[in-house]
Amino acid sequence: MDTAPDFTARRLAMVEHQIHARGISSPLVLDAMGRVRREKFVPAANREQAYDDGPLSIGLGQTISQPYVVALMVEALGLQGGEKVLDVGTGSGYGAAVLACIASEVFGIERLSTLAQRARRVLLAEGFLNVHVQCGDGTVGWPGAAPFDGIIVAAGGPDVPETLKVQLATGGRLVMPVGSEFGGQELVRITRQTPSRFRRETLGGVRFVPLVGAEGWPEGNR
Ligand code: SAH
């Protein structure tokens, strides 16, 4: 008897009960969440939990965010399709894959080389040819690819890095958790309304791993 779990059914149930039922309504986001095979981005040992309603360990003390939080952040970017997006804290590559279903190009930066290499491999194997993953400090952004229509930071920092704000295109949005190093954070959205005017909104409480870098938390005691 074939006992392989039906991941497609689990994925569609996840989109319905965890994402749509909680108020995410963008068809582009719902479609993307229904397409990316999350089970391929989590470590083999956690595959059974791929569609659980929470974050999961991806090793090296890092986590793949809860599906709902990924959907919330992507929806907050307000993408229409075809944009250029920066993904800071690429981790497993899952969030980048969701973005890549909507945007035309995704630039991902991951600080830990083991994770960056793994993400690159999985993204390629899953057919995401429009994602470029670099290993490095994402708090300084990716100047060579800027400006970005959207920037997602998937790790919590003390504040939104100025360097990232200036890499936003006019009209572009950045979404990032801001707060204390080991506690919870607030999800912040920055919209670059004009070259010199940035609007700041808060979208609710979240809990992310720390953003470690020049405009994040110091490397120090890690
Ligand atoms: N978007 C990821 C979430 C990974 S958790 C996913 O879908 O799996 C956040 C990641 O941010 C971790 O992998 C961590 O190593 C990374 N990170 C922390 N500080 C960083 C920095 N300054 N630049 C790039 N990546 C960073």
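Remember, it's a predicted structure, so these values are computed and weren't measured experimentally.

Here we look at the packing of aromatic side chains
The relative placement of two aromatic rings is captured by the distance of their centres and the angle of their planes.
Moving on, step 1. Evaluation of the coordinates by the stated rule reveals 4 aromatic pairs.
Moving on, step 2. Ring geometry for Phe107 and Trp142: centres 5.0 Å apart, planes at 75°, overall edge-to-face. Of the two residues, Phe107 is situated in strand β4 (residues 105-110) and Trp142 in the loop between β5 (131-135) and β6 (148-153); the sequence distance between them amounts to 35 residues. The residues Phe107 and Trp142 share a single accessibility class, namely buried.
Moving on, step 3. Taken together, the ring pairs in this structure connect Phe107, Trp142 and Phe148 into an aromatic cluster.
Moving on, step 4. Cation over ring: Arg38 sits above Tyr94, and NZ or CZ is 4.8 Å from the ring centre.

Here's the deal with the sheet that holds strand β7 (residues 168-179)
Moving on, step 1. Strand order in the open sheet made by the 7 strands is β5-β4-β3-β6-β7-β8-β9, with mixed pairing throughout. A single partner strand is all that each edge strand has here, and the edge strands are β5 and β9 (197-206). Strand-to-strand twist across the sheet, computed as the mean angle between neighbouring axes with direction ignored, equals 15°.
Moving on, step 2. Most of the contacts of helix α3 (residues 67-77) go to β7, to which it runs at about 150°, and overall it touches β3 (84-88), β6, β7, β8 (185-194) and β9.

Some remarks on the pairing of β3
Moving on, step 1. β3 sits mainly inside the fold: 4 of its 5 residues count as buried.
Moving on, step 2. As paired elements, β3 and β4 share 5 bridges and run parallel to each other. Residue Lys84 lies in a different strand from β4, and its bridge partner there is Glu105.
Moving on, step 3. Here β3 runs beside β6; their pairing, made up of 4 bridges, is parallel. In the strand pairing of β6, Asp87 is matched with Ile152.

Conventions we followed
- Residues numbered from 1 in each chain as written.
- Predicted model: local features only at pLDDT ≥ 70, side-chain atom pairs only at ≥ 80, totals over all residues.
- Heavy atoms only, no water.
- Phe/Tyr/Trp six-rings, centres within 6.5 Å; stacked < 30°, edge-to-face > 60°.
- Helix = DSSP H or I, 4+ residues; strand = E, 2+ residues; numbered from the N terminus.
- Buried < 20%, exposed > 50% of the residue type's maximum accessible area, 1.4 Å probe, protein only.
- Lys NZ or Arg CZ within 6 Å of the ring centre and 35° of its normal.
- Pairing = 2+ DSSP bridges.
- Axes fitted to C-alpha atoms, helices over the stretch in contact; angles between N-to-C directions.
- Contact = heavy atoms within 4.5 Å.

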